Amino acid sequence: MPLRPRSLRRAPVEPIPEPADPSPIPEQVWQRVPIDALIDLVTEVFTAHDLPWSRARMAAEALCHGDLTGTPESGVAELTRVHLPMLADGLVRPRAEPLMIADRGAAALIDYRRAPGLWAVGDAMDRAVSRAGRYGVGLMSVRGVGPFGRAGHHAARALPHTMIGLVMAAGGERGTAANPLGMAAPAGAYPEFVLDLDTLADVDSAAVAGFALLVEIFAGVLSGVGDHDHDTGLMVMAIAPTTLRSADGFYKAASALFGSLLGWEGGTPVRYPGWREAQYLEQCQALGVPLNEPVHRELEELARALRLPPLRVFGSGVVRRKAPLPWRIRGRGAFTRIRRRS
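Calculation criteria
Residues numbered from 1 in each chain as written. Predicted model: local features only at pLDDT ≥ 70, side-chain atom pairs only at ≥ 80, totals over all residues. Heavy atoms only, no water. Axes fitted to C-alpha atoms, helices over the stretch in contact; angles between N-to-C directions. Helix = DSSP H or I, 4+ residues; strand = E, 2+ residues; numbered from the N terminus. Parallel < 35°, antiparallel > 145°, perpendicular 65-115°, else oblique. Left-handed = near helix turned anticlockwise from the far one by under 90°. Contact = heavy atoms within 4.5 Å. Nonpolar A, V, L, I, M, F, W, Y, C, P; charged D, E, K, R; others polar. Salt bridge = Lys/Arg side-chain N within 4 Å of Asp/Glu carboxyl O. Buried < 20%, exposed > 50% of the residue type's maximum accessible area, 1.4 Å probe, protein only. Polar contact = N/O pair within 3.5 Å; in protein donor to acceptor, adjacent residues only side chain to side chain. Phe/Tyr/Trp six-rings, centres within 6.5 Å; stacked < 30°, edge-to-face > 60°. Lys NZ or Arg CZ within 6 Å of the ring centre and 35° of its normal. Pairing = 2+ DSSP bridges. Expected span 1.5 Å × (residues − 1).

Participant: Please clarify how the packing of helix α1 (residues 35-48) against helix α2 (residues 53-68) should be interpreted in this entry.
Facilitator: Each pair of packed helices can be summarised by the angle the axes make with each other and by the distance between the axes. Packing of α1 against α2 brings their axes to within 8 Å, and their N-to-C directions diverge by 130°. With respect to α2, the axis of α1 lies oblique. Pair α1 / α2 crosses with right-handed handedness. On α2, the residues touching Ile 35, Leu 38, Ile 39, Asp 40, Val 42, Thr 43, Phe 46 and Thr 47 of α1 are Trp 53, Ala 56, Arg 57, Ala 59, Ala 60, Glu 61, Leu 63, Cys 64 and Leu 68. Counted by class, the contact of α1 with α2 contains 12 nonpolar, 2 polar and 3 charged residues.

Structural data, given as structure tokens:
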């Protein structure tokens, strides 16, 4: 094959395109901050918006619950998006005093008169726990509360008293996500069971429709929230098992039940709601709470506005967020307290 002579012409130089600005990958780099520092800052923010300190502390713990249990979309990310705007617009009254409408010993009806729900629902559970200690069960029918975060967090306030907690919610502001059911129960020798269910209104099923009606009856009809626009009704209940049976018998029965749920399926561990959240909380205690960059920046701006020191960051401050734990969960859980292992 004859060789062709090489051309002496220079090849045309194609223009090199300018490099595009690298688009940041959202939420790839997370800052880890100590649990106490995060709750302290949110408490100061609520106090600056006229909440008494005790209410602000309870509200901060309820709001940070999502970040401590692996559901950051329902955690401090909602501080500037939901709670502070409602306080600023007067839709939530930081110092509203609850009005006792009916008190029948083990059961009561309370109107919180648009108090912050992050505090009010926890306060209602504490009242239910107090009554359950006397009567075996305490039921608080509640209305007139603002957004309250995760129902599972408030239900879990019964756990330190070795009680079962149940929270149902109905109504609420239009356009906001509902959170109709939270339940917490001691699990004996295992991490506590905490179930946290979101709205099921979009699921077309007769069983789901029946469940939604059950929640509406207990939380909406019972509290009278149907007579008020843009209001939230709840049923908050605590049950003291040891008033009905021995503490040792309940402990053994709970251990047997929740121990039987643990196993393996297709090479994947099967766990019940509350187990994964307990493990995630242990990670946060050891390594800090992971916050994505936009949320961390918002908190830093709030700290500067209140002339508070910036959030302390663990280590170098930049970590790769770990992948979700490869556990199958029967339902969606939430968790607020863990038992120290010996």
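Participant: Even after reading the chapter, I still don't get the pattern of salt bridges, so can you show me in this structure?
Facilitator: Two side chains carrying opposite charge are able to pair once their charged atoms lie near each other. A full pass over the atoms with the stated rule returns 14 salt bridges. Across the pair Arg 143 and Asp 111 runs a salt bridge, and its minimum N-O distance is 3.7 Å. Within this pair, whereas Arg 143 is found in strand β4 (residues 137-145), its partner Asp 111 is found in strand β3 (residues 107-115), the two being separated by 32 residues in sequence. Taken as a pair, Arg 143 and Asp 111 share a single burial class, namely buried. A salt bridge links Asp 231 to Arg 114, with the shortest nitrogen-to-oxygen separation between them at 4.0 Å. Residue Asp 231 is located in the loop between α6 (206-221) and β8 (232-239), and its partner Arg 114 is located in strand β3; the two are separated by 117 residues in the primary sequence. By relative accessible area, which is 10% here, Asp 231 ends up buried. A single network of salt bridges, built from pairs that share partners, joins Asp 40, Arg 57 and Glu 61.

Participant: Would you mind going over the side chain of Thr 69 with me for this structure?
Facilitator: Looking at where Thr 69 falls in the secondary structure, it is placed in the loop between α2 and α3 (79-88). Taking the relative accessible area as the measure of exposure, Thr 69 reaches 1% and is therefore buried. A polar side-chain atom of Thr 69 sits 2.8 Å from the main-chain carbonyl oxygen of His 65.

Participant: Would you take a moment to explain the packing of aromatic side chains for this structure?
Facilitator: Two aromatic rings, taken as a pair, are described by how far apart their centres are and by the angle between their planes. Scanning the entire structure with this criterion turns up 4 aromatic pairs. Residues Tyr 112 and Trp 119 carry aromatic rings whose centres are separated by 5.7 Å and whose planes lie at 85° to one another, so their mutual orientation is edge-to-face. The same class applies to Tyr 112 and to Trp 119, which are both buried. With a centroid separation of 6.0 Å and 85° between ring planes, the pair formed by Tyr 272 and Trp 275 is classed as edge-to-face. Each member of the pair, Tyr 272 as well as Trp 275, is classed as buried. One cation-aromatic arrangement involves Arg 55 over Trp 119; the distance from NZ or CZ to the ring centre is 3.8 Å.

Participant: Please clarify how the sheet that holds strand β5 (residues 164-171) should be interpreted in this entry.
Facilitator: Within a sheet, neighbouring strands are paired by backbone hydrogen bonds and run either parallel or antiparallel to one another. Pairing is mixed across the open sheet formed by 7 strands, whose spatial order is β2-β3-β4-β8-β5-β6-β7. The open sheet has two free edges, formed respectively by β2 (99-103) and β7 (193-197), since each of these has just one partner strand. If you compare each strand with its neighbour and ignore which way they point, the axes differ by 15° on average. Where β5 meets strand β6 (residues 181-185), 4 bridges bridge the pair, whose relative direction is antiparallel. The residue of β6 that forms the bridge with Met 168 is Leu 181. Sheet contacts for helix α4 (residues 117-135): β2, β3, β4, β5 and β8; angle to β4, the most-contacted strand, approximately 160°.

Participant: Please explain α2 as it appears in this structure.
Facilitator: Given 3.6 residues per turn, any residue in an α-helix points the same way as the ones three and four places further on. When the terminal C-alpha atoms of α2 are compared, their 21 Å separation across 16 residues agrees well with the 22 Å that a helix rising 1.5 Å per residue should span. For α2, the tally of buried residues reaches 12 of 16 residues, placing the bulk of the element in the interior. Every buried residue belonging to α2 is among Arg 55, Ala 56, Met 58, Ala 59, Ala 60, Ala 62, Leu 63, Cys 64, His 65, Gly 66, Asp 67 and Leu 68, and all of these are buried. Of the surrounding secondary structure, the elements contacted by the buried residues of α2 are α1, α3, α4, α5 (151-155), α8 (275-287) and β11 (289-292). At the C-terminal side of α2, Gly 70 shows a positive phi close to 90°.

Note that every value here comes from positions in space, so none of it alone points to a role or purpose.
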